[in-house]
Amino acid sequence: MTRPAEHPGAARLSVMVQLVGSVCAVLLALSLALAATLLREGHFAACIENSGYLDTLHTAVLDTCGGYAAAAGTTADPLADIITPEAVRAGVLHRADGLWHGSTVDETDPFNDLIVTYQDNVAPEPAVYDGYRILQYNCQMEWKSAMATPFSAAISMVLQYRTVVAVTMYLSALLLVGCIALQYRLAARWRVFCRGLLHMADACLLAGAVLAGWLGFGSGYRSWTAVGDIGYTLFCRWFGALAPAVLGCAALVAAIPTGLVFWVCVQYHRAKAQRPSCKTEKPVL
Amino acid sequence: MKETHSGKAVSSHSKRKNVVLSLVFCVAAVCVALLVLVGPGHSLAGAAQRSGVDAALPASIDTTTSDNTAQPTEAPTAPPQPAAVNINDFGGYPSAGDALGEIKISGTSVDCTLYYGDEDAQLDAGAGIYPGSKIPGEGGTILVAGHTATFFRDFEHAQNGAQITVTTVYGTYVYEITDMQVATDTDTSAYDLDAAEENIILYTCYPLGQTALTDLRYFIYGRFVSGPALEGLS
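Draft legend 1. Seen up close, the overall build of chain A. Within chain A, the regular secondary structure consists of 12 helices and zero strands. When the elements of chain A are put in sequence order from the N terminus, they spell out α-α-α-α-α-α-α-α-α-α-α-α. In terms of overall dimensions, chain A has a C-alpha envelope of 110 × 35 × 25 Å along the principal axes. Looking at the 285 residues of chain A, the share that counts as buried comes to 48%. Taking the contacts inside chain A whose residues are at least 6 apart along the sequence as the reference set, 78% of them involve residues at least 24 apart. In the structure as shown, chain A presents an accessible area of about 13400 Å², 61% of it carried by carbon and sulfur atoms.

See below:
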């Protein structure tokens, strides 16, 4: 097994390279965690579906539109077939999709046929009666308000960093690989090279743990929205997933240099096994 | 023996050096990461406080007095208020940076704090009134700006006939959206600051949701519906 070349003054440069490599590893882990949680539409959709927000919203919309029907002097029975949990889910997710991909025509309005439904199933309207039209208008306005994405300002604020996070991810990955390559060139011995890699891995893992702890317990995100807010649980789930993601991604990134060290050790042991035994010759690592 | 002792000392020194180096790199990486996260974190905390869920929850209406044979009613309007209020009873005319109240657009998730002044500090925390225009109740044009990436993102769901509600400490003002248009940022014909009748104009960058610099603006125009007139203006 050959040794890396020796460079004069390489030791100090090697430390700087390890420092830069550590920072790049942490930034890469952070970017990966953000891309997997806060910036991912699937994560938000999963949080919405598992937080009970949709059920609460469905009940609230049904109650309010039922009130509009009573004020219009008619029954609210047909509304239960129009305002279904599936319709609420589709409406909320469609509006949320607009934040990620830009708005499209809202096709989720379930009240388009309300007038016909009431005329067919309840009673035909007298000539001067305008109740069904007004009921439809009120229900549509309430639907538009109710389908608004919870904490949309916060989500929009995060989404504006999508490009920055993507650039940071690729740039830090590239720099990390560059630092590992430079570490190989600067290390006088394989042991020094492996030590440098382990420094980077340790720093990445430790920093990831510290950041995860700060995000989970030090950032105070649980107090950013009011506890009584129906979006509170949803927000805590959405943002709270970032801390474990940071830790996981830090472990994943730290596995890269650790894996390289493991590979070097395997190669060393193979070389040692193949070398003829001689008391005066010791494999140098 | 001495060589063994010195060898052990070198070994333990080397281990300590490894640990110290790892810790130093960890601290440096954490500092860089925190530097990167703190700014957006503050903005996110402020934006999260304006969750928009209040706008998402349908308003409850009083059906206890409804008569089944009576004429059907429209959506509820603002509660009764005095015809006029004196601004000096509420701390006087606002200064730049003062939080004036809340602004909402029905049918959208636009629901944020309204500030007097449209500098970065105000627009980072909500919507801001251009100081060269009027405030609600003063009469004339109220020109309100907001960032399209955050608080005014949902302009695309605003429709003609929807209500813009401005809730201040001295009264609640309702405006009805009458028109929307896209114009360049230098097109002064897009707004009339000398209008005599009270009206509100909201504007943000266009295309909606864009974070890059753009010279286009999306304007929403609202006519005055209700709210107390302001007195005590010097």
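Draft legend 2. Molecular detail of the environment of Ile201(B). Residue and element names in this part refer to chain B. If you trace the backbone, Ile201 turns up in strand 8 (residues 199-206). Residue classification places Ile201 among the buried residues on the basis of a relative accessible area of 3%. Excluding its chain neighbours within four sequence positions, the residues that come into contact with Ile201 are Thr141, Ile142, Leu143, Val144, Tyr191, Asp192, Phe219, Ile220 and Tyr221.

Draft legend 3. Expanded view of the pattern of salt bridges. Per the stated rule, a full pass over the model turns up five salt bridges over all chains. Arg89(A) serves as the salt-bridge partner of Glu49(A), at 2.7 Å between the closest nitrogen and oxygen. In this pair, Glu49(A) sits in helix 2 (residues 41-50) while Arg89(A) sits in helix 5 (residues 85-101), placing the two residues 40 residues apart along the sequence. Taking the relative accessible area as the measure of exposure, Glu49(A) reaches 38% and is therefore partly exposed. Here Arg223(B) and Glu176(B) are joined by a salt bridge, their closest N and O atoms 2.8 Å apart. Here Arg223(B), found in strand 9 (residues 216-226), pairs with Glu176(B), found in strand 7 (residues 171-184); they are 47 residues apart in sequence, far enough to count as distant.

Draft legend 4. Spotlight on the sheet that holds strand 6 (residues 163-168) of chain B. Residue and element names in this part refer to chain B. Strand order in the closed barrel made by the eight strands is 2-3-4-5-8-9-7-6, with mixed pairing throughout. In this sheet, adjacent strand axes meet at a mean angle of 30° when their direction is disregarded. As paired strands, strand 7 and strand 9 are joined by 10 bridges and run antiparallel to one another. Bridging from a neighbouring strand, Asp179 pairs with Tyr221 of strand 9.

Draft legend 5. Broad picture of the interface of chain B and chain A. On the side of chain A, 64 residues touch chain B, which itself brings 55 residues to the contact. Summing both partners gives a buried area of about 4900 Å² for chain B against chain A, and 69% of it is carried by carbon and sulfur. Remark: the boundary between chain B and chain A carries one salt bridge. When residues of the side of chain B that touches chain A are traced back to their parent elements, those giving at least two are helix 1 (2-49) and helix 2 (53-56) of chain B. In terms of residue class, the side of chain B that touches chain A is made up of 30 nonpolar, 20 polar and five charged.

Draft legend 6. The arrangement of the packing of helix 1 (residues 10-36) of chain A against helix 10 (residues 190-218) of chain A in detail. Residues and elements named next belong to chain A. Remark: helix 1 packs on helix 10, axes separated minimally by 9 Å, with the N-to-C direction vectors making an angle of 40°. Classed by the angle they form, the pair helix 1 and helix 10 counts as oblique. Judged by the twist between their axes, the crossing of helix 1 over helix 10 is right-handed. From helix 1, Gln18, Gly21, Ser22, Ala25 and Val26 reach across to helix 10, where they touch Gly196, His199, Met200, Ala203, Cys204, Ala207 and Leu211. Class assignment of the residues belonging to the contact of helix 1 with helix 10 gives a composition of seven nonpolar, five polar and no charged.

Draft legend 7. Structural view of the environment of Ile87(B). All names here are of chain B. Structurally, Ile87 is set in the loop between strand 1 (84-86) and strand 2 (99-105). Separated by 135 residues in sequence, Ile87 and Gly222 place their C-alpha atoms 23 Å apart. Those residues within four positions of Ile87 in sequence are excluded, and the remaining contacts are Gly92, Tyr93, Tyr170, Leu230, Glu231, Gly232 and Leu233.

Draft legend 8. Main features of helix 8 (residues 152-159) of chain A. Of all eight residues in helix 8 of chain A, eight are buried, a share of seventy percent or more. Turning to helix 8 of chain A, its buried residues are Ser152(A), Ala153(A), Ala154(A), Ile155(A), Ser156(A), Met157(A), Val158(A) and Leu159(A).

Draft legend 9. Representation of the pairing of strand 2 of chain B. Residue and element names in this part refer to chain B. Pairing geometry for strand 2 and strand 3 (residues 111-116), over five bridges, is antiparallel. Each bridged residue has a counterpart across the sheet, and for Glu102 the counterpart in strand 3 is Thr113. Adjacent in sequence and paired antiparallel, strand 2 and strand 3 are bridged by five residues, among which Gly107 carries a positive phi angle near 85°.

Draft legend 10. The pairing of strand 6 of chain B, seen in detail. Residue and element names in this part refer to chain B. By the bridge criterion, five bridges tie strand 2 to strand 6 in an arrangement that is antiparallel. Counterpart to Gly101 in the pairing with strand 6 is Thr168. Here strand 6 runs beside strand 7; their pairing, made up of six bridges, is antiparallel. Each residue of the ladder has a partner; that of Ile164, found in strand 7, is Tyr175. Taken together, strand 6 and the strand that follows it, strand 7, pair antiparallel across an intervening segment of two residues.

Basis of the calculations
Residues numbered from 1 in each chain as written. Chains lettered and ligands numbered in written order. Predicted model: local features only at pLDDT ≥ 70, side-chain atom pairs only at ≥ 80, totals over all residues. Heavy atoms only, no water. Helix = DSSP H or I, 4+ residues; strand = E, 2+ residues; numbered from the N terminus. Buried < 20%, exposed > 50% of the residue type's maximum accessible area, 1.4 Å probe, protein only. Contact = heavy atoms within 4.5 Å. Areas by Shrake-Rupley, 256 points an atom, 1.4 Å probe, with all protein chains shown as cover. Salt bridge = Lys/Arg side-chain N within 4 Å of Asp/Glu carboxyl O. Pairing = 2+ DSSP bridges. Axes fitted to C-alpha atoms, helices over the stretch in contact; angles between N-to-C directions. Buried area = accessible area lost by both parts, 1.4 Å probe. Nonpolar A, V, L, I, M, F, W, Y, C, P; charged D, E, K, R; others polar. Parallel < 35°, antiparallel > 145°, perpendicular 65-115°, else oblique. Left-handed = near helix turned anticlockwise from the far one by under 90°.

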